[in-house]
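Listed below are the residues making up each chain.
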Amino acid sequence: MPLHRIFHPPGAFSVADKTSLSERITKIYTNVGLPAFYVVILFIPIEKDSFFVGGQSTDKLIRIVIQHLARQLPDDQRKTEFSEKYEEAIAPFIKDKGYDWEVHVEEVPPEMWRENGLIPPIKFPEIEKEWARLNKPIPY
Amino acid sequence: MPLHRIFHPPGAFSVADKTSLSERITKIYTNVGLPAFYVVILFIPIEKDSFFVGGQSTDKLIRIVIQHLARQLPDDQRKTEFSEKYEEAIAPFIKDKGYDWEVHVEEVPPEMWRENGLIPPIKFPEIEKEWARLNKPIPY
Amino acid sequence: MPLHRIFHPPGAFSVADKTSLSERITKIYTNVGLPAFYVVILFIPIEKDSFFVGGQSTDKLIRIVIQHLARQLPDDQRKTEFSEKYEEAIAPFIKDKGYDWEVHVEEVPPEMWRENGLIPPIKFPEIEKEWARLNKPIPY
């Protein structure tokens, strides 16, 4: 469900960094009961001469695009809380290392979302719990 | 119009697989009269140590992001039908090969969409047919 | 804010091309007062055998996906004007070189957008001017 595309300078993250960062991001969602496997994070390296900010080539920016499907946050307060939690999760690997960063979240309607061909049980909390417990999609 | 980004483990598809898969996806749209050239499919390989699901590195997931511009599906039934057709189109190259997969479709308003600088004739069925027949955008 | 993903055949642009193209795109936004650093442009090369149009492999198409956050264009006229300015900005490096191209713009609600962890001052024109003058986000 949440899809995180992290566009980064090729040398920004070690494999250990990517693993820790992914764990920290995943936890934001599992803490509120979502199945861990919903959280997909793609690290996409962009060479300096293909990464432009303000018309200038850079290797100092991390640009993160997030898409939410399983939950639409209902009001500004909840949206702000999400952003705050997210900033906290990523800080050790981005802010604390001196990078600039930009993040935005898109909320995508879930009608044409499928996991292994199955309609995710967003309207069936008991089934969603089962998916979370097994950490995989199962027919229902 | 439809833009399909297929994020995949580097070894998941041969060139023949990508070609067949693209043909099958394209056919979903040409079958309802859309010009073939509207359908753009990008295969984007993601290395295992940059592809995380549930906080763990993976080479077993295909993640597909689809954007629709020329048509907004008007109701849940039509959306479900699209998802079913899509699942059928991709199954031989994904499900049948043992991968996990996740798909979602976004419907993007078409006001700032251009093909070779031209406004696509979504309100002019006769012209759209001509674009489909010629398989390229022509001024009108 | 504006995020431009330019999917292109690997040989389409020299570094000088990418720089000039980025400068021309950035100018569209700085001309209306936005901070230059808001404009992020990613050039993402796609190999011919991973780039499909109408079911066929291609090295002749440039596919551009734009996301706007800081401003939602309020009516069709303004949207059309944006598209016209954009087409003009990119023409020397795409149309004039014989490529086909397709562009679309998405308008993303800005509630969960952050720059270096800060809420961009879209409701505070004086602060936005200061960000533009300094060309970086500062706390306010």
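Since the model is a prediction, treat every value here as computed from it, not as a measurement.

Draft legend 1. Layout of the overall build of chain A. In terms of helices and strands, chain A carries three helices and seven strands. The secondary structure elements of chain A, listed N-terminal to C-terminal, are β-α-β-β-β-β-α-β-β-α. Along the three orthogonal principal directions, the C-alpha set of chain A runs to about 50 × 30 × 25 Å. Scored against the burial criterion, the 140 residues of chain A give a buried share of 54%. Taking all contacts inside chain A whose residues are at least 6 apart in sequence as the whole, residues at least 24 apart take part in 71%. Total accessible area on chain A stands at roughly 6000 Å², and carbon and sulfur atoms take up 51% of it.

Draft legend 2. Seen up close, a negative patch on the surface. Side chains of A:Asp75, A:Asp76, A:Glu81, A:Glu84, A:Glu88 and C:Glu111 sit close together on the surface and give a patch of like negative charge. Structurally, C:Glu111 can be placed in the loop between β6 (100-107) and β7 (114-115).

Draft legend 3. The relation of the copies chain C and chain B, seen in detail. Rotating chain C by 120° and moving it 0.0 Å along the rotation axis overlays it on chain B with an RMSD of 0.0 Å. Such a turn and shift between the copies fits a three-fold axis. Scanning chain C for the C-alpha nearest the rotation axis identifies C:Ile44, at a separation of 5.6 Å. The residues that chain C uses at the interface reappear at the interface of chain B in only 7% of cases, marking distinct surfaces.

Draft legend 4. A look at the layout of surface pockets. There is about 610 Å³ of room inside the largest pocket. Around the largest pocket, the lining comprises 29 residues; the ones closest to its centre are A:Ile44, A:Pro45, B:Pro45, C:Ile44 and C:Pro45. Within the residue set of the lining of the largest pocket, elements represented by two or more residues are β1 (3-8) and β2 (40-45) of chain A, β1 (3-8) and β2 (40-45) of chain B together with β1 (3-8) and β2 (40-45) of chain C. When its residues are assigned to classes, the lining of the largest pocket shows 17 nonpolar, four polar and eight charged. The calculated volume of the second largest pocket comes to roughly 510 Å³.

Draft legend 5. Main features of the pattern of salt bridges. Going through the model one piece at a time under the given rule, you end up with 24 salt bridges over all chains. Among the ionic pairs, A:Arg71 bridges to A:Glu128, the shortest N-O distance being 2.6 Å. With A:Arg71 in the loop between β5 (61-68) and α2 (76-90) and A:Glu128 in helix α3 (residues 125-134), this pair connects stretches of sequence that are 57 residues apart. The salt bridge involving C:Asp59 is made with C:Lys60; its shortest N-O contact spans 4.0 Å. Here C:Asp59 falls in the partly exposed class, since its relative accessible area comes to 31%. For C:Lys60, a relative accessible area of 49% translates into the label partly exposed.

Draft legend 6. Main features of the relation of the copies chain A and chain C. When chain A is fitted to chain C, the best match, at an RMSD of 0.0 Å, comes from turning it 120° and sliding it 0.0 Å along the axis. A different interface surface on each copy is seen, since only 7% of the contact residues of chain A are contact residues in chain C too.

Draft legend 7. Fine view of unusual backbone geometry. Positive phi is not limited to glycine here, since A:Asn116 has a value of about 50°. Checked against the element boundaries, A:Asn116 lands in the loop between β7 (114-115) and α3.

Draft legend 8. Region of the structure containing the interface of chain A and chain C. Taken together, the contact pairs 28 residues of chain A with 30 residues of chain C. Summed over both partners, the interface of chain A with chain C buries about 2400 Å², with 58% contributed by carbon and sulfur atoms. The largest share of the area that chain A buries against chain C comes from A:Ser50, A:Phe52 and A:Glu102, three residues that together contribute 23% of it. Summed over the shared surface of chain A and chain C, the result is one salt bridge. The shortest N-O distance in the salt bridge between C:Lys18 and A:Asp49 comes to 3.7 Å. Our enumeration of links across chain A and chain C arrives at 14 residue pairs in polar contact (both at pLDDT 80 or more).

Draft legend 9. Inspection of the sheet that holds β2(B) at higher detail. Read from one edge of the open sheet, seven strands run β7(A)-β6(B)-β5(B)-β1(B)-β2(B)-β3(C)-β4(C), paired in mixed fashion. Where the open sheet ends on each side, the last strands, each with one partner, are β7 of chain A together with β4 (56-57) of chain C. The pairing of β2(B) with strand β3 (residues 51-53) of chain C spans three bridges and is classified as antiparallel. For B:Leu42, the partnering residue across the bridge sits in β3(C) and is C:Phe51. Packing of helix α1 (residues 15-30) of chain B onto the sheet brings it into contact with β1, β2 and β5 (61-68) of chain B together with β3 of chain C, and relative to β2(B) it is tilted by some 145°.

Criteria and cut-off values
- Residues numbered from 1 in each chain as written.
- Chains lettered and ligands numbered in written order.
- Predicted model: local features only at pLDDT ≥ 70, side-chain atom pairs only at ≥ 80, totals over all residues.
- Heavy atoms only, no water.
- Helix = DSSP H or I, 4+ residues; strand = E, 2+ residues; numbered from the N terminus.
- Buried < 20%, exposed > 50% of the residue type's maximum accessible area, 1.4 Å probe, protein only.
- Contact = heavy atoms within 4.5 Å.
- Areas by Shrake-Rupley, 256 points an atom, 1.4 Å probe, with all protein chains shown as cover.
- Patch = residues over 30% accessible without salt bridge, like charges linked within 9 Å, V, L, I, M, F, W, Y side chains within 5 Å.
- Salt bridge = Lys/Arg side-chain N within 4 Å of Asp/Glu carboxyl O.
- Lys, Arg positive; Asp, Glu negative; His and termini not counted.
- Charge placed at Lys NZ, Arg CZ, Asp CG, Glu CD.
- Least-squares fit on C-alpha atoms with pLDDT ≥ 70 in both.
- 1 Å grid on protein atoms, 1.4 Å probe; cavity = no way out; pocket = protein on both sides within 12 Å on 5 of 7 lines; lining within 4 Å.
- Points joined across faces, edges and corners; volume = space filled by probe spheres on them.
- Nonpolar A, V, L, I, M, F, W, Y, C, P; charged D, E, K, R; others polar.
- Buried area = accessible area lost by both parts, 1.4 Å probe.
- Polar contact = N/O pair within 3.5 Å; in protein donor to acceptor, adjacent residues only side chain to side chain.
- Pairing = 2+ DSSP bridges.
- Axes fitted to C-alpha atoms, helices over the stretch in contact; angles between N-to-C directions.

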